[in-house]
Amino acid sequence: MSRSIDISLRVNGEDVRATVPSRLNLVDFLREELSLTGSHVGCEHGVCGACTLTVDGDTVRGCLMLAAQADGKDVITIEGLAENGQSAQLQAAFTKHNALQCGFCTPGMLASAIGYVNAGGIADREAIRQHISGNYCRCTGYQSIVNAICDVIEEKSV
Amino acid sequence: MTGPAHIFDKPNRYIGKPEPRADAARLLQGRGSYVDDQKLPRMVHAAFVRSPHAHAKILSIDTEDARAAKGVIAVYSGEDLAAHVTPYVGTLTHLAGLRSMPQHPLAMEVARWQGEPVVMVVATSRALAEDACELVYVDFDELPAAVDSETALDLEAPVIHPELGNNLAWERDMVAGDIDAAFATPGVHVVEREFRFGRHTGVTLESRGTVCDYDPSENQLTVYYSGQAPHMMQVIFSKHLDLPEENIRVISNDVGGSFGIKIHTYGDEIATAAAAKLLKRPVKFIADRFESFVTDIHARDHIVKAKMGVTEAGTIVGIDFDDLTGIGPFSMYPRTSAIECNQVLNLTGAPYVMENYRAKGRVVFQNKTLMCQYRAVGHPIAMAIADGLLEDAARKIGMDPVALREINLMADDSYPRSSATGMKLDDLSHKRALRKLTELMDYDALRDERTEARKNGIYRGIGFVSMVEVTNPSPMFYGIGGAPIASQDGATVRLDAGGALHVSSSITEQGQGTNAILAQIAAGVFGVDLNRVKVTTGDTATTPYGGGTWASRGAGIGGEAMLQAAQALKDQVLEVAGVMLQTGVETLDIQGGAVTDLNGTIRLPLADLARTVYYRGNELPNDLNPELVATRHYRVTDFPFVFTNGAMAAHVEVDIETGFVKVLHFWAVEDCGRVINPLLVDEQIRGGVVQGIGGALYEECHYSPDGQFLNATMADYMVPMASEMPDITIAHIETPTKTSVLGAKGAGEAGTGGAPAAILNAVNDALSPMGASIWQMPMTPERILTALDQAD
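Rules of the game
- Position numbers for residues start from 1 in each chain and track the written sequence from start to end.
- Lettering for chains starts from A, numbering for ligands starts from 1, and both go in the order in which the items are written.
- For this predicted model, a pLDDT threshold of at least 70 governs which residues receive local features, and a threshold of 80 or more governs which side-chain atom pairs are given and counted, while totals over whole chains, interfaces and linings are taken from all residues.
- Hydrogens and waters are ignored; side-chain quantities use all the structure's heavy atoms.
- Exposed residues in this analysis have more than 50% of their type's maximum accessible area, buried residues have under 20%, and partly exposed residues fall in between, with area computed by a 1.4 Å probe over protein chains only.
- Segments assigned H or I by DSSP are reported as helices when at least four residues long, segments assigned E as strands when at least two residues long, and all are numbered from the N terminus.
- Only heavy atoms enter the contact rule, under which two residues are in contact if any of them lie within 4.5 Å.
- Pairing between strands is defined by DSSP: at least two bridges between them are needed.
- Whenever a helix is involved, its axis is fitted only over the stretch in contact; in every case the axis is a line through C-alpha atoms, and angles between N-to-C directions fall within 0 to 180 degrees.
- Should an angle fall under 35 degrees it is taken as roughly parallel, and over 145 as roughly antiparallel, whereas 65 to 115 is taken as roughly perpendicular and any remaining angle as oblique.
- Two helices that cross are described as forming a left-handed crossing if the nearer one is turned anticlockwise from the farther one by less than a right angle, and a right-handed crossing if clockwise.
- Three classes are used: nonpolar for Ala, Val, Leu, Ile, Met, Phe, Trp, Tyr, Cys and Pro, charged for Asp, Glu, Lys and Arg, and polar for all others, with Gly counted as polar.
- Any Lys or Arg side-chain nitrogen located within 4 Å of an Asp or Glu carboxyl oxygen qualifies as a salt bridge.
- For the purposes of this description, domain bounds are those given by an automatic or database domain assignment.
- Put simply, buried area is the surface a 1.4 Å probe can reach on two separate parts but cannot reach once they are joined, added for both.
- For this analysis, a polar contact is any N or O atom pair within 3.5 Å, provided that within protein one partner can donate a hydrogen and the other can accept it, and provided that sequence-adjacent residues contribute only side-chain to side-chain pairs.
- Seen with its strands pointing away from the viewer, a crossover is right-handed when the path leading from the first strand over the helix to the second is clockwise.

## Thoughts on helix H5 (residues 143–153) of chain A
Phase 1: A large share of H5 of chain A lies buried, amounting to nine of its eleven residues.
Phase 2: Packing partners of the buried residues in H5 of chain A comprise helix H2 (86–97), helix H3 (106–118) and helix H4 (125–131) of chain A together with helix H18 (678–698) and strand S28 (728–732) of chain B.
Phase 3: At the exit of H5 of chain A stands Glu155 of chain A, carrying a positive phi of roughly 55 degrees.

This is the structure we're talking about:
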């Protein structure tokens, strides 16, 4: 049914070599083969944002990229976020503002937030709302997420 | 019953404090454990062949090629599984006259909605199972479909269950006073509207799924369940898979959103459990997004013709309405699909003094996905009918809608009392809530601003809702009708040898912060620091028996059980301390993890006490046998439900060229009794409001005339996104319920129940200068432009 392809990539700082079916998407590869279950699958067609990851510094949808396309790339998942710096500040701010409920959208939401902050995004509520509109959250009212991102940008976080 | 004041006032209390959730860090580090994260040895994967038709006879099924396909372990048809699973029927005895037919996990002979599972394929991977599904050939003979609820009862409509004679599932009439005479009274103005509430669905970001593991050596079924009611599911698996109840363990770890979606019996999940039993190995099924859209329960789908009569002076004389609701081809098991209509009949107009009331509800079968209880069951319909008509009547008699509410809202000092429909009401604060709301939003200034804007061709509107919410249900909700659904919940509190508390509860966590508030209650009432409490929920093997978290009952019922258990353990520990310290218990307290004097001076750290009890019992008198563990159960008595109230307002701007509605701001004043954690409850209410806005403006399951779901993708079905949502201001009034010491009522559904009415009223306020109005949800740009055209 499916051709296999050899790939080698870096995932959260570790070298990974694998032989993957050509049809396997990146998020399924990470979840099923590497047991990195922090990236979630919500829609499998690039809309909900639950599988958002960082690949070579870009914010991408793990469900819209094939594992084969990650050959030679540097992938960062929620499990590989640094324990200090902006990702840690965002995690602290999300906790402080209760910017999550069920947590299913959270890893993808954080990836998008990190992308926004790292790109020099400003603490403008409308701009932040626009930026995270590719990440659906069904539990919060989004307000606490916007507050948390604003907080980090304004360096007021805990 | 009133509680000792010190529970809420003592220095190390946690109840009422905005403590961040302890489990947030875990979820923020990607260390959550959702069903699809489960990977068990020898686990295999299920995929389903589903009916492509809304209504079709299954002539034959050919699975030969699928069975031979790579990785395939087993293929099951409806008949194959019917030999191992008894059918289920979604009726309850307290909903007199409700009819449905037996349902099987996989369709038998006839498929009755697009998406109904027909054949199950189990293979070594999901991808291979899906490949094999492509090789299954089902010969369908398409039948005429009854899709439209309005024609479902016509004589010529296709009858979905010939045994029932027609497509009527249930009907109920409710009459109080004499509505005809009231409307005919001279000087009474009657407004009349037809409301249409589209179908929408929950779209939990984590789709439904299950991992079922069967161990034949112990005849034990373990189910990893993404849902809200583990003990209910234990009974259902037992009853229909012929397994002893005690041999079924249902575990809910992290649940990626539920909102009432994951609290029902789904054929694909039951089939997964049956396959696990037959194959004697773990089987995983995770719905993909298409499967979620076509099989997760849908909600609403009501057409309501309604009238309200108001005197010139603004007194509501009564409401008269007819509600028609379509529920798909079966009543959902075990909660039934008649509860929503019943709620609409019970709750419409409940905030207002009203003597005359007439309501008719009809629930009909149709060839669409099943409809059942989704967040705020019936409330958005009931609130939109009453408050939509109220603001329509206000326009008609030229009165401000707030002034009209002031005249008709039940007075805050008039409780206990009943609504026109006989609902028992107590501890409500409608008038205070409305006043707090108008102050919070600066209504007068906002109204002036709106008038100014209109001069510049900017059409803004302000809309309100005064609402009630059913919370903390008693056994009268389900148990009385024969459903295996507990109305009580239990809590256990145990002091370990190190002086920490281990607590467990039968209520469940789906992100609202259940575990956090249980810890706050236990820590504060017993007297340890919050970080010394470990919480276990969501496991039938290790928690007390209870109903779970739904119908805004977790905090009010499970929280009270936790309070009682923590108090009981405290009494027990103080008795031991009194003996060890040779002093009267009345001179002792527990604070910050130590037994103290009443002034807070430490007398004995809890770890010392616990170690003495556990390790050196010889130091205690022989007749002192402390257990250091306490369990208490709690149920609501005297009231069928504990109602809450709220007042909400929306400020919107309608672009009359494009029909787009922009929600500028939203305010909610909620009285959920004692607030346990404002940080958590505020964002939960906001999330509820956003789901309500979704139903009011965006979300709809579109069907073709022949029953094809036309927009079953996340790209085509619109859920609210961050960029289109407003900031939402939340405020509280705290009128604790007298039914418990804790005094907490529910809050989880308020936003979803109230927001649609407020948005509807705001849009109609914005459209009013053009003489236009809209009574259909979602209020899409197309429908708003049509409404404007009709006014022209």
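## With respect to the sheet that holds strand S4 (residues 110–111) of chain B
All names here are of chain B.
Phase 1: Taken in spatial order, the three strands of this open sheet run S4-S2-S6, and their pairing is antiparallel. Of all strands in the sheet, those with a lone pairing partner are S4 and strand S6 (137–142), marking the two edges.
Phase 2: Bridge count for strand S2 (residues 56–62) against S4 is two bridges, and the pairing is antiparallel. Bridge assignment links Lys57 to a residue of S4, and that residue is Val110.

## Notes on the pairing of strand S22 (residues 588–591) of chain B
Residues and elements named next belong to chain B.
Phase 1: Here S22 shows a buried face lined by Leu588 and Ile590 and a second buried face lined by Asp589 and Gln591.
Phase 2: One ladder, built from four bridges, connects S22 with strand S23 (residues 594–597); its direction is antiparallel. The residue of S23 that forms the bridge with Leu588 is Asp597.
Phase 3: Two successive antiparallel strands, S22 and S23, enclose a turn made up of two residues, where Gly592 displays a positive phi of approximately 55 degrees.

## Digging into the packing of H2 of chain A against H3 of chain A
Residues and elements named next belong to chain A.
Phase 1: Put simply, H2 and H3 touch, their axes get as near as 10 Å, and they point 125 degrees apart. Overall, the two elements H2 and H3 adopt an arrangement that is oblique. In the crossing of H2 with H3, the sense of the turn from one axis to the other is right-handed. On H3, the residues touching Gln86, Ser87, Leu90, Gln91 and Phe94 of H2 are Thr106, Met109, Leu110, Ala113, Ile114, Val117 and Asn118.
Phase 2: Its residues assigned to classes, the contact of H2 with H3 comprises seven nonpolar, five polar and no charged.

## Focus: the pattern of salt bridges
Residues and elements named next belong to chain B.
Phase 1: For the structure on display, the rule yields 52 salt bridges over all chains.
Phase 2: Notably, a salt bridge pairs Lys368 with Asp301, separated by 4.0 Å at the nearest N-O pair. In this pair, Lys368 is assigned in the loop between strand S15 (356–364) and helix H11 (379–397) and Asp301 in strand S13 (residues 298–311), connecting sequence segments 67 residues apart. Judged on exposure class, the residue Lys368 and its partner Asp301 are both buried.
Phase 3: Each member of the salt-bridge network shares a partner with another, and the members are Arg50, Arg126, Glu130, Arg208, Asp268, Glu269, Asp288, Glu291 and Asp296.

## Some words on the sheet that holds S22 of chain B
All names here are of chain B.
Phase 1: Pairing within the open sheet is antiparallel, and its three strands lie in the order S22-S23-S24. Only two strands of the sheet have a single partner each, and these edge strands are S22 and strand S24 (602–605). Direction aside, neighbouring strands of the sheet carry axes that sit 30 degrees apart on average.
Phase 2: Pairing of S23 with S24 involves three bridges; the strand directions are antiparallel. Paired with Ala594 across the two strands is Pro605, which belongs to S24.
Phase 3: Along the sheet, helix H16 (residues 554–581) contacts S22, S23 and S24; its crossing angle with S22, the most-contacted strand, is approximately 120 degrees.

## A short note on the domain arrangement of chain A
Residue and element names in this part refer to chain A.
Phase 1: By domain assignment, chain A separates into domain 1 (4–80) and domain 2 (86–153).
Phase 2: Centre-to-centre separation of domain 1 and domain 2, based on C-alpha positions: 22 Å.
Phase 3: Residue-level contacts link 13 residues of domain 1 with twelve residues of domain 2.
Phase 4: Buried area between domain 1 and domain 2, both sides added, is near 920 Å², and the carbon and sulfur share of it is 58%.
Phase 5: The interface formed by domain 1 and domain 2 includes zero salt bridges.
Phase 6: Counting the contacts that link domain 1 with domain 2 gives five residue pairs in polar contact (both at pLDDT 80 or more).
Phase 7: Here the side of domain 1 that touches domain 2 is composed, by residue class, of six nonpolar, six polar and one charged.

## Comments concerning the pairing of strand S27 (residues 661–671) of chain B
Residue and element names in this part refer to chain B.
Phase 1: Of all eleven residues making up S27, nine are buried, and the element is well covered by its neighbours.
Phase 2: Bridge count for strand S26 (residues 642–654) against S27 is ten bridges, and the pairing is antiparallel. Within S27, the residue paired with Ala650 across the bridge is Phe666.
Phase 3: In sequence, S26 turns back onto S27 through a hairpin of six residues, with Gly659 there showing a positive phi of about 85 degrees.
Phase 4: Strand direction decides the pairing type here: S27 and S28, joined by five bridges, are parallel. Residue Phe666 lies in a different strand from S28, and its bridge partner there is Ile728.
Phase 5: Tracing the backbone out of S27, into H18 and back to the parallel element S28 gives a crossover that is right-handed.

## A closer look at the interface of chain A and chain B
Phase 1: Listed per partner, the contact involves 47 residues of chain A and 50 residues of chain B.
Phase 2: With both chains or domains summed, chain A and chain B bury close to 4,100 Å², and 53% of this area falls on carbon and sulfur atoms.
Phase 3: Of all residues in chain A, the largest losses of buried area upon contact with chain B belong to Gln101, Tyr136 and Arg138 of chain A, amounting jointly to 21% of the total for that side.
Phase 4: Viewed at the interface, chain B and chain A are joined by six salt bridges.
Phase 5: Between Arg129 of chain A and Asp727 of chain B there is a salt bridge whose closest N-O contact spans 2.7 Å.
Phase 6: At the junction of chain A and chain B, the tally comes to 30 residue pairs in polar contact (both at pLDDT 80 or more).
Phase 7: Elements supplying a minimum of two residues to the side of chain A that touches chain B: helix H1 (26–33), H2, H3, H4 and H5 of chain A.

## Points about the domain arrangement of chain B
All names here are of chain B.
Phase 1: The assigned domain composition of chain B is domain 1 (6–32 + 488–634), domain 2 (35–143 + 207–255 + 261–295) and domain 3 (298–475 + 638–791).
Phase 2: Measuring from the centre of the C-alpha atoms in domain 1 to the corresponding centre in domain 2 gives 40 Å.
Phase 3: Across the boundary between the two partners, domain 1 contributes 21 residues, which contact 18 residues of domain 2.
Phase 4: Counting the surface domain 1 buries against domain 2, the share from its top three residues, Gln510, Thr540 and Tyr545, is 40%.
Phase 5: Scanning the region where domain 1 abuts domain 2 turns up two salt bridges.
Phase 6: Here Arg249 ties to Asp539 by a salt bridge, and the two come within 2.6 Å at their closest N and O atoms.
Phase 7: One can count seven residue pairs in polar contact (both at pLDDT 80 or more) joining domain 1 with domain 2.
Phase 8: When grouped by side-chain class, the residues that make up the side of domain 1 that touches domain 2 number five nonpolar, 13 polar and three charged.

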